[in-house]
Amino acid sequence: MTLLDVATIKADFPIFEKKMRNDARLVYLDSGATSQKPRQVMAAEQYFYTHQNAAVHRGSHLLAEEASAAYEGARETVAAFLGAKSDEIIFTKSATESLNLLAYSFSNSATGRFALGVGDEILLSEMEHHANLIPWQQLAKRTGATLKWFEVTPDGRLDLSQIDQLLSARTKIVALTHQSNVLGTINPITEIAKKAKEHGALFVLDACQSVPHFATDVSKLGVDFVTFSGHKMLGPTGIGVLWGRSELLAAMEPFLFGGSMIETVTMESATWAPAPRKFEAGVPNMAQAVGLAAAINYLEAIGMDKVHEHEVALTTYALEGLQTIKGLTIIGPTNMDSRGGVLSFALDGIHPHDGCQVLDQYGIAVRTGHHCAWPLMRKYGVSGTTRASFYIYNDLADIDALVTGIEATKKYFKVS
Amino acid sequence: MTLLDVATIKADFPIFEKKMRNDARLVYLDSGATSQKPRQVMAAEQYFYTHQNAAVHRGSHLLAEEASAAYEGARETVAAFLGAKSDEIIFTKSATESLNLLAYSFSNSATGRFALGVGDEILLSEMEHHANLIPWQQLAKRTGATLKWFEVTPDGRLDLSQIDQLLSARTKIVALTHQSNVLGTINPITEIAKKAKEHGALFVLDACQSVPHFATDVSKLGVDFVTFSGHKMLGPTGIGVLWGRSELLAAMEPFLFGGSMIETVTMESATWAPAPRKFEAGVPNMAQAVGLAAAINYLEAIGMDKVHEHEVALTTYALEGLQTIKGLTIIGPTNMDSRGGVLSFALDGIHPHDGCQVLDQYGIAVRTGHHCAWPLMRKYGVSGTTRASFYIYNDLADIDALVTGIEATKKYFKVS
Amino acid sequence: MELDSLYQEVILDHYKHPLHKGLSAEKTVQVHHVNPSCGDEITLNLLLEGDVVRDVTWDGVGCSISQASCSIMSDLVHGKSVDHALTILESFSELMSSKGSITGDEEILEDGVALAGVSKFPARVKCALLGWMAFKDAALQGRNEEKK
Amino acid sequence: MELDSLYQEVILDHYKHPLHKGLSAEKTVQVHHVNPSCGDEITLNLLLEGDVVRDVTWDGVGCSISQASCSIMSDLVHGKSVDHALTILESFSELMSSKGSITGDEEILEDGVALAGVSKFPARVKCALLGWMAFKDAALQGRNEEKK
Ligand SMILES: Cc1ncc(COP(=O)(O)O)c(C=O)c1O
Ligand SMILES: Cc1ncc(COP(=O)(O)O)c(C=O)c1O
């Protein structure tokens, strides 16, 4: 159990200087929704704006040259971080856009492996975030394909018992989350991806809750596409990533159309630049790409393995602490096998929204509600949960504060 | 001819402290591609990250509340700036995304006014930016509709002589730019929109080059949708706007699917929140929206009429100066009737790319190439132009530098 | 504690012992509303007799604020004319958007004034309005039904 | 001036008096390449005789760098075997991506070394490569033609 030096890390995150309600310090346990930003990330964006700002790829003046170098440099940083090739990295505005890009691009392509029709299937799971569910519902609607899904077990795992029925030659796409944003479960991706490959299905990995938290090598996962957001990994808002295998990106039609993604254009038709340009129409989110690269540098300076160890240590401690509370039920795995730093729970007699409000009085920020995973809520028969999620700037004192806060909540609402 | 106090304005833009090649000062004449950013915009983003950063709309803890207030406050700022209602403002990543949103949403809706098919027409112009051309080519391809377009006259105006043939009951969509990003021409939008309305066509205005440069009141233009980018108006990269009439937004299907845009979700289907939420899936580009609001505040403190007057003065002066240069041809209007601060030209015997390279040695940043308006280049029989575009931080000295720079370029390449 | 303005005793009482909870068999119209950001749901039965609210019953899941508000609302509108009920709703909406600047008219809102503190917590205003919006929707639909 | 490393006299000479410009009637294969970021275009005719480049002619619009580079290229590959021509191309590509760290082998590249300065202007590397990439494309296609 090795914890990071949180005091030093926290000093890089100016938001922790802020005083919360009742002069409380900030106990930020909502990194699963969005992470806080270190000075280094803000400084990188600022540096871009004050020294390099110009539209990339379109000019040969000095600023345009420097802006292009900064933006393409950011792409290389992301590629190296993922074990990918540079031209396999596409910048989007968010994981949500990355996933929609895929669903629309598949419809636009509609040939070969991207052709879907009646009888074809898309395989998901009950623990998907809406962003990895509704785009596929819509693709199914457009094409006539059918949705199938893995169920979840009572203890918060993917139920793989039916895998050989669910995955077949009819399966064209498998889209799964690497780590559940509600349960904290880490899914056995390589195992499932191997089976998917045998059936010739494309594998889309929603890595929103994994890439920020543990080392991810796309070349080893056996998947075809990986999507995630910058804002959940210390990066700016407004930046997301799509990684895809070169040969697939080459065969796919674009999603957004406009400047910089073309080869030639007439009034009536157009042809496309090679990937990644083909998928990045318009003046891109340059400063945000540069900010994301700074976030990655920050994480790599710590080391992704250390980040993961830190979160495992915190989560172990939190599971213990929370389970001492009478009337508290963990929703999701209660042990640390294949599990990350996201923890959902229910409290007898106290609605999550009410509980959260009391915790907020102590400066404790947790998330409540359905966490954009409504089908999962229905499965567990709750309208929502309270969720604590951890990152590099959390320490054991934060978890103590949470446990104490929950006890105080129970007292406030006179629940024993 | 009233110029702004450029020295004072420039002091807000740290990039002008940068030394260019050969220790030259920066003469930035590429604002048509992207604008520079004042400290106030960077400070607003930084303030968001250091005092309010949390995922909007999804939490009730203090930071989430403050982040939501900041983000929705930004929406109100944009709405007030455009004379629009708040819930008619949709934040996107760029004008390019806004335009693609429309084209995809129209296909997704496919009923009533949004239904397109064989025999229906989409009316554009030859001076459109690729972003307001290719999405419509693709929509036509998806639906079987036909593209029509206004031609341009030799002096850079929309040729409206055929308007009564081009615009008919078959016209379902008219998509035009307010100001050409190549010619500087300001198109007579209200006049065309009035005719479009008589025929029941939807009118999409590409306001990328107008909203940053002169006052735009959407309630008076008679159009249905307006799109623009933040980065061209002192705002951050990674933020765009779509304005649409409430009743149209209410009737339209969403574009991107995921979190925060839903009403209810099951594994097999979903229903949508009202606009604008319906069109903003995922954790949004919060800091960039806040930055854009700061940019708008900055522009409004100057006054959009003053901004426009300043650019008119600069352009008048530039037209005069440039036309003293032998072998230089202006591509676009040579008078100031309905014309903004974008100026394209050709230089006999010197390819734009070569000319730009010499100017760059003097710290002068101009744009060369087809400016994402390839059909327009073909129309004028050039492979590209050199473009100077002005903004609030430019002064007469910048234009003098440009004229001197062009003379030096001619000398360098021994062209008389 | 600031919180006490949110969770007044009368709110917690309504939460624990909600009025008119449990759906009636008879109804003019039934509506189902959700709060998409937190997942709270309510089903509401409205029984009209001409222009008079004969009965409002409801069921659903939600936080103390949404449940208490629904309980208070259903009791308030009971026996009133639809128009009268809608003016009460208007007063309540005004209170909710007041950001703590007004305390609400007890003559009109009765126990509803206990929800005044909610207006200082913007994220909770939606909770307090859930039941009221469901009622409004039902009332407008119901009135059309009655007119047929 | 830094610029002089880019615009060497020999470049400007080639620009003003380009070699092999104007398309030949006879050809094994014709290709058309564009530089999407600036709009420059080139059409190139390649005439092969077995494995030997009998003739390369071209036409198009472009900046001095792209035109001069095309002129130099067409002269360099003339009469060489396709394999030999492709190794020249490789040397040239290496020079272009050198960011000014090498000066190029004059034995191999002849006038092409005058383009060494381009490698210090990343936005112009594409200009210098336009003709070469067209030639490569034509050579690979042409070789397949010949094999048929
Ligand atoms: C007229 C016009 N339309 C659309 C665009 C596209 O804007 P963006 O690249 O910011 O999406 C631009 C700028 O590039 C433009 O000038
Ligand atoms: C598992 C998962 N997938 C997708 C998303 C969507 O990410 P974003 O909202 O940044 O697009 C999230 C976060 O909200 C998530 O946790």
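Residues numbered from 1 in each chain as written. Chains lettered and ligands numbered in written order. Predicted model: local features only at pLDDT ≥ 70, side-chain atom pairs only at ≥ 80, totals over all residues. Heavy atoms only, no water.

Student: Can you walk me through the overall build of chain C in this structure?
Tutor: Looking only at helices and strands, chain C features five helices and three strands. Its helices and strands in sequence order give chain C the pattern α-β-β-β-α-α-α-α, from N to C terminus. Compactness check: chain C gives a C-alpha radius of gyration of 14 Å against a globular reference of 15 Å for 148 residues, within 12% of the reference. Along the first, second and third principal axes, the C-alpha atoms of chain C reach 50 × 30 × 25 Å. Of all 148 residues assigned to chain C, the portion counted as buried reaches 51%. Excluding contacts between residues fewer than 6 apart, the proportion of contacts in chain C whose partners are at least 24 apart in sequence is 60%. With an accessible surface of roughly 6400 Å², chain C has 49% of that area assigned to carbon and sulfur atoms. Taking the average location of the 13 positive side-chain charges in chain C and that of its 23 negative ones, the two points are 6 Å from each other. (Helix = DSSP H or I, 4+ residues; strand = E, 2+ residues; numbered from the N terminus. Rg over C-alpha atoms; globule rule 2.2 N^0.38 Å. Buried < 20%, exposed > 50% of the residue type's maximum accessible area, 1.4 Å probe, protein only. Contact = heavy atoms within 4.5 Å. Areas by Shrake-Rupley, 256 points an atom, 1.4 Å probe, with all protein chains shown as cover. Lys, Arg positive; Asp, Glu negative; His and termini not counted. Charge placed at Lys NZ, Arg CZ, Asp CG, Glu CD.)

Student: Would you take a moment to explain the arrangement of the chains for this structure?
Tutor: For this structure, the chain pair with the highest number of contacts among five pairs of chains in contact is chains A and B. These two, chain C and chain D, are apart from each other, with no contact and a minimum C-alpha gap of 44 Å.

Student: Any chance you could explain the site of ligand 1 here in plain terms?
Tutor: Neighbouring residues of ligand 1: 16 residues in total, closest Thr96, Asp206, Ser229, His231 and Lys232 of chain B. Near ligand 1, the surrounding residues belong to chains A and B. For ligand 1, an oxygen atom lies 2.7 Å from a polar atom in the side chain of Gln209 of chain B. Lys232 of chain B places a polar side-chain atom, nitrogen or oxygen, 2.8 Å from an oxygen atom of ligand 1. With the chains in place, 99% of the 390 Å² that ligand 1 exposes on its own is no longer accessible. (Near = heavy atom within 4 Å. Polar contact = N/O pair within 3.5 Å; in protein donor to acceptor, adjacent residues only side chain to side chain.)

Student: Mind showing me how you'd approach the sheet that holds strand β8 (residues 240–244) of chain A here?
Tutor: Sheet strands pair by backbone hydrogen bonding; their relative direction is either parallel or antiparallel. Residues and elements named next belong to chain A. Taken together, the seven strands give an open sheet; going across it, the order is β2-β8-β7-β6-β5-β3-β4, and neighbouring strands pair in mixed fashion. Every other strand in the sheet has two partners, leaving β2 (89–92) and β4 (146–150) as the edge strands with one partner each. Going from strand to strand, the sheet's axes swing by 20 degrees on average, the running direction of each strand aside. One ladder, built from five bridges, connects strand β3 (residues 121–125) with β4; its direction is parallel. (Pairing = 2+ DSSP bridges. Axes fitted to C-alpha atoms, helices over the stretch in contact; angles between N-to-C directions.)

Student: Please explain the interface of chain A and chain B as it appears in this structure.
Tutor: How big an interface is tends to be stated in terms of the accessible area lost upon association of its parts. With 93 residues of chain A in contact, the opposing surface of chain B contributes 93 residues. When chain A packs against chain B, the two sides together hide about 7700 Å² of surface, and 60% of this comes from carbon and sulfur. The largest per-residue losses of area from chain A upon contact with chain B belong to Tyr49, Phe257 and Met267 of chain A, which jointly make up 11% of the total buried on that side. Taken together, chain A and chain B are joined by six salt bridges. Here Glu66 of chain A makes a salt bridge to Lys18 of chain B, at a shortest N to O gap of 2.4 Å. (Buried area = accessible area lost by both parts, 1.4 Å probe. Salt bridge = Lys/Arg side-chain N within 4 Å of Asp/Glu carboxyl O.)

Student: What is the right way to look at the site of ligand 2 in this model?
Tutor: Lining the immediate environment of ligand 2, one finds 16 residues, of which Thr96, Asp206, Ser229, His231 and Lys232 of chain A sit closest. Residues near ligand 2 are shared among chains A and B, making this a multi-chain site. Contact distances for ligand 2 include 2.5 Å between an oxygen atom and a side-chain N or O atom of Thr96 of chain A. A distance of 2.8 Å is found between an oxygen atom of ligand 2 and a backbone nitrogen or oxygen belonging to Val283 of chain B. Coverage of ligand 2 by the protein amounts to 99% of the 390 Å² it exposes when considered alone. Split into classes, the residues belonging to the shell around ligand 2 amount to four nonpolar, nine polar and three charged. (Nonpolar A, V, L, I, M, F, W, Y, C, P; charged D, E, K, R; others polar.)

Student: Explain the nonpolar core here, please?
Tutor: Side chains that are nonpolar tend, in soluble globular proteins, to be buried together. Membership of the largest hydrophobic core comes to 255 residues, with the highest contact counts inside it found for Trp136 and Ile392 of chain A together with Trp136 and Ile392 of chain B. Excluding anything up to four places from it in sequence, Trp136 of chain B contacts Leu99, Leu102, Ala103, Phe106, Ile122, Leu124, Leu147, Ile173, Ala175 and Val204 of chain B. (Core = buried A, V, L, I, M, F, W, Y, C linked by side-chain atoms within 4.5 Å.)

Student: I would appreciate a short explanation of the relation of the copies chain A and chain B in the present structure.
Tutor: Copy one and copy two of the chain differ by a rotation about a common axis and a shift along it. Its rotation angle being 180 degrees, the transformation that places chain A on chain B also includes 0.0 Å of axial translation and leaves an RMSD of 0.0 Å. Put plainly, the chains are arranged around a two-fold axis. An overlap of 100% is found between the interface residues of chain A and their copies at the interface of chain B, pointing to a shared contact surface. (Least-squares fit on C-alpha atoms with pLDDT ≥ 70 in both.)

Student: Is there a simple way to think about a negative patch on the surface in this case?
Tutor: All names here are of chain C. On the surface, Glu9, Asp13, Asp75, Asp105, Glu106, Glu107, Glu110 and Asp111 cluster together to form a negatively charged patch. Counting residues per element, the ones that place at least two in the negative patch are α1 (9–16) and α4 (106–109). The residue Asp75 is located in helix α2 (residues 64–77) in this model. Overall, the relative accessible area of 39% leaves Asp75 in the partly exposed class. (Patch = residues over 30% accessible without salt bridge, like charges linked within 9 Å, V, L, I, M, F, W, Y side chains within 5 Å.)

Student: Quick question: what am I supposed to make of the packing of helix α4 (residues 95–109) of chain B against helix α5 (residues 134–143) of chain B here?
Tutor: Packed helices, taken two at a time, are described by the angle their axes make and the gap between the axes. Residues and elements named next belong to chain B. Following both chains from N to C, one finds α4 and α5 inclined at 10 degrees, their axes separated by 9 Å at the closest point. One element, α4, and the other, α5, form an angle in the roughly parallel class. Within the contact between the two elements, α4 uses Leu99, Asn100, Leu102, Ala103, Tyr104, Phe106 and Ser107 and α5 uses Pro135, Trp136, Leu139 and Arg142. In terms of residue class, the contact of α4 with α5 is made up of eight nonpolar, two polar and one charged. (Parallel < 35°, antiparallel > 145°, perpendicular 65-115°, else oblique.)

Student: Can you walk me through the packing of helix α12 (residues 352–361) of chain B against helix α6 (residues 122–147) of chain D in this structure?
Tutor: Direction vectors running N to C along α12 of chain B and α6 of chain D enclose 155 degrees, while the axes themselves pass 12 Å from each other. Between α12 of chain B and α6 of chain D, the interaxial angle falls into the category roughly antiparallel. Crossing handedness for the pair α12 of chain B and α6 of chain D: left-handed. For the pair α12 of chain B and α6 of chain D, the contacting residues are His353, Asp354 and Gln357 of chain B in the first and Ala123, Arg124 and Cys127 of chain D in the second. A class-by-class count of the residues in the contact of α12 of chain B with α6 of chain D yields two nonpolar, two polar and two charged. (Left-handed = near helix turned anticlockwise from the far one by under 90°.)

Student: Help me understand the interface of chain D and chain B, please; the structure alone is not making it clear to me.
Tutor: Residue-level contacts link 27 residues of chain D with 17 residues of chain B. For the pair chain D and chain B, the summed buried area comes to about 1700 Å², and 53% of that belongs to carbon and sulfur atoms. At the junction of chain D and chain B, the tally comes to one salt bridge. Across the chain D-chain B interface, the total number found is ten residue pairs in polar contact (both at pLDDT 80 or more). Put simply, the parts of the chain that give the side of chain D that touches chain B at least two residues each are α1 (3–6), α2 (9–16), β1 (29–35), β2 (40–49), α3 (64–77) and α6 of chain D. The element that contributes the greatest number of residues to the side of chain D that touches chain B is α2 of chain D, accounting for four residues.

Student: How should the pairing of strand β1 (residues 29–35) of chain C be read in this particular structure?
Tutor: Each regular strand shows side chains that alternate between the opposite faces of the sheet. Residues and elements named next belong to chain C. The element β1 is extensively covered by neighbouring structure, given that five of its seven residues are classed as buried. Bridge count for β1 against strand β2 (residues 40–49) is seven bridges, and the pairing is antiparallel. Across the sheet, Val31 pairs through a bridge with Leu44, a residue of β2.

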